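The chain contents come next:
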Amino acid sequence: MARVTARTSDIEKAAGVLRAGGLVALPTETVYGLGANAEDPAAVARIFQVKGRPPSHPLIVHIGGGEYLDDWVKDVPATARLLAEHFWPGPLTLVLRRGRRVPLEATGGLETVAVRVPAHPVALALLAAFGGGVTAPSANRFGQVSPTTTNDVRAELGDAVDFVLDGGPCTVGVESTIVDVTGDAPSILRPGGVTREELEAVLGRPLAVPSTTRVRVPGQHPSHYAPRARVVLVEPEKVVAEAERAQDLGHRVGVFLPPSMAGAPVKAHAVVSVPPSMGDYARRLYGFLRELDQRGCDLIVASLPVEEGLGLAIANRLRLAAGPRATV
Ligand code: TXA
Ligand code: MG
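Residues numbered from 1 in each chain as written. Chains lettered and ligands numbered in written order. Predicted model: local features only at pLDDT ≥ 70, side-chain atom pairs only at ≥ 80, totals over all residues. Heavy atoms only, no water.

## Points about the overall build of the protein chain
Broken down by element type, the protein chain carries 11 helices and 14 strands. The C-alpha atoms of the protein chain give 19 Å as radius of gyration, which agrees with the globular expectation for 328 residues (20 Å, within 12%). For the C-alpha atoms alone, the extent of the protein chain along its principal axes is close to 60 × 45 × 40 Å. Summed over all atoms, the accessible surface of the protein chain reaches about 13500 Å², with 51% contributed by carbon and sulfur. In the protein chain, which carries 34 positive and 34 negative side-chain charges, the distance between the mean positions of the two groups comes to 4 Å. (Helix = DSSP H or I, 4+ residues; strand = E, 2+ residues; numbered from the N terminus. Rg over C-alpha atoms; globule rule 2.2 N^0.38 Å. Areas by Shrake-Rupley, 256 points an atom, 1.4 Å probe, with all protein chains shown as cover. Lys, Arg positive; Asp, Glu negative; His and termini not counted. Charge placed at Lys NZ, Arg CZ, Asp CG, Glu CD.)

And the structure:
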């Protein structure tokens, strides 16, 4: 777990802002969230406004512990309880049937609701002090890279957020895994911090994973988690050649140098070395994308990791970052 950096007075202040209908940026183990009182439709509406997110895109309700699950959802299947017991607090979000406490504003009009218990001491302290549920999408503008530090949050949202609660840098670095447990068989809607292999070991059966192109949940729309620079994906052994070709054509190229090419000389505007450990890579992925934007790159050349463990979530985010951009 991340070290606790927030003071008790900050937790109290943040809880007060939530009670007053304000917005609080809060740390979680995955990414920073933009939180509001889940039961306050006006505060929830402000989240959509600040993010520039279409109101039909549902939010995750963060709760302080698995013991509160039945307050927020109805008809919890045994599979959901099993997963909650194993992975909460943690980077797992369960999609369940909406309970009456959750306003339709938070679910984008859906009769299902996404719920999770974050594994971050500051988030848990805030949830305990506040006493209710906190709806929180990632604290970035719609379609952009999720923030993993308070500096990122301020760069994304500036004064639009009423209070920023500091919990240090996020330790997981990619968003939670979303599992839909409303149907006959559970399915992964978004790969994330809990791996498919970990889920399958607990469930004792294989899980379906969406193809990145299938638009099932809003986070799966093409071009999401995207830096300003265009992202191009090639095979690992072609990264250097492709980067140099684009640089020669006049682009300011940022390179994600894969571990298999570590130390290779590359003629480009900026280079980041991809860590060999998937945990380290996940933790630093969004920081790398932000860094290359800040260094003025207009094109990022990267390759996909092996899609096992956290590599599945990393590859999913890179594919979405490389997806077609909206033309409006
Ligand atoms: O790690 C995380 O999950 C972070 C931290 C802040 O908790 N939150 C996050 O929220 O990534 P957001 O809003 O950026 O992504 C939430 C995803 C969206 O893709 C949304 O469509 C999906 O959850 N979602 C929410 N409610 C849903 C529902 N009822 N059915 C299907 N998908 C749902
Ligand atoms: Mg997001």
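## Some thoughts on the layout of surface pockets
Put simply, the second largest pocket is a space of about 180 Å³. In terms of lining, the second largest pocket is formed by Arg141, Gln144, Val145, Ala155, Glu156, Ala226, Pro227, Arg228, Arg290, Asp293 and Gln294. Mapped onto the lining of the second largest pocket, the elements with two or more residues apiece are helix 7 (150–157) and helix 10 (278–294). Considering each element in turn, the lining of the second largest pocket owes the most residues, 3 residues, to helix 10. A per-class count over the lining of the second largest pocket returns 4 nonpolar, 2 polar and 5 charged. (1 Å grid on protein atoms, 1.4 Å probe; cavity = no way out; pocket = protein on both sides within 12 Å on 5 of 7 lines; lining within 4 Å. Points joined across faces, edges and corners; volume = space filled by probe spheres on them. Nonpolar A, V, L, I, M, F, W, Y, C, P; charged D, E, K, R; others polar.)

## Brief notes about the domain arrangement of the protein chain
By a widely used convention, the size of an interface equals the accessible area lost when the partners come together. Taken domain by domain, the protein chain holds domain 1 (8–203) and domain 2 (230–321). If you average the C-alpha positions of domain 1 and of domain 2, the two centres end up 29 Å apart. Opposite the 21 residues of domain 1 that make contact, domain 2 presents 13 residues. In this assembly, domain 1 packs against domain 2 so that about 1400 Å² is buried in total across both faces, 58% of it on carbon and sulfur atoms. Looking only at domain 1, the three residues that lose the most surface to domain 2 are Val145, Val174 and Pro191, adding up to 37% of its buried area. One salt bridge connects Glu156 with Arg290, and the closest N-O pair in it is separated by 3.3 Å. Between domain 1 and domain 2 we count 8 residue pairs in polar contact (both at pLDDT 80 or more) in total. Sorting the residues of the side of domain 1 that touches domain 2 by element identifies helix 7 and helix 8 (196–203) as the ones contributing at least two each. (Domains from an automatic or database assignment. Contact = heavy atoms within 4.5 Å. Buried area = accessible area lost by both parts, 1.4 Å probe. Salt bridge = Lys/Arg side-chain N within 4 Å of Asp/Glu carboxyl O. Polar contact = N/O pair within 3.5 Å; in protein donor to acceptor, adjacent residues only side chain to side chain.)

## Regarding the packing of aromatic side chains
Scanning the entire structure with this criterion turns up 3 aromatic pairs. Centre to centre, the rings of Tyr225 and Tyr286 are 6.3 Å apart; their planes meet at 5°, and the pair counts as stacked. Of the two residues, Tyr225 sits in the loop between helix 8 and strand 11 (230–233) while Tyr286 sits in helix 10, which places them 61 residues apart along the sequence. As far as burial versus exposure is concerned, Tyr225 and Tyr286 are alike and both buried. Feature note: the residues Phe256, Tyr281 and Phe288 constitute an aromatic cluster, connected by ring pairs. One cation-aromatic arrangement involves Arg101 over Trp72; the distance from NZ or CZ to the ring centre is 4.2 Å. A cation sits over an aromatic face here: Arg317 above Tyr225, 5.0 Å from the ring centre. (Phe/Tyr/Trp six-rings, centres within 6.5 Å; stacked < 30°, edge-to-face > 60°. Buried < 20%, exposed > 50% of the residue type's maximum accessible area, 1.4 Å probe, protein only. Lys NZ or Arg CZ within 6 Å of the ring centre and 35° of its normal.)

## Here's the deal with the pattern of salt bridges
In the structure shown here, the tally under the stated rule is 17 salt bridges. Two residues, Glu39 and Arg101, come together in a salt bridge whose shortest N-O distance is 3.0 Å. Taken together, the residues span a long stretch of sequence, with Glu39 in the loop between strand 2 (33–37) and helix 2 (41–51) and Arg101 in the loop between strand 5 (92–98) and helix 5 (104–107) at a distance of 62 residues. Judged by relative accessible area, which is 35%, Glu39 ranks as partly exposed. Residue Arg101 is classed as partly exposed on the basis of its relative accessible area of 31%.

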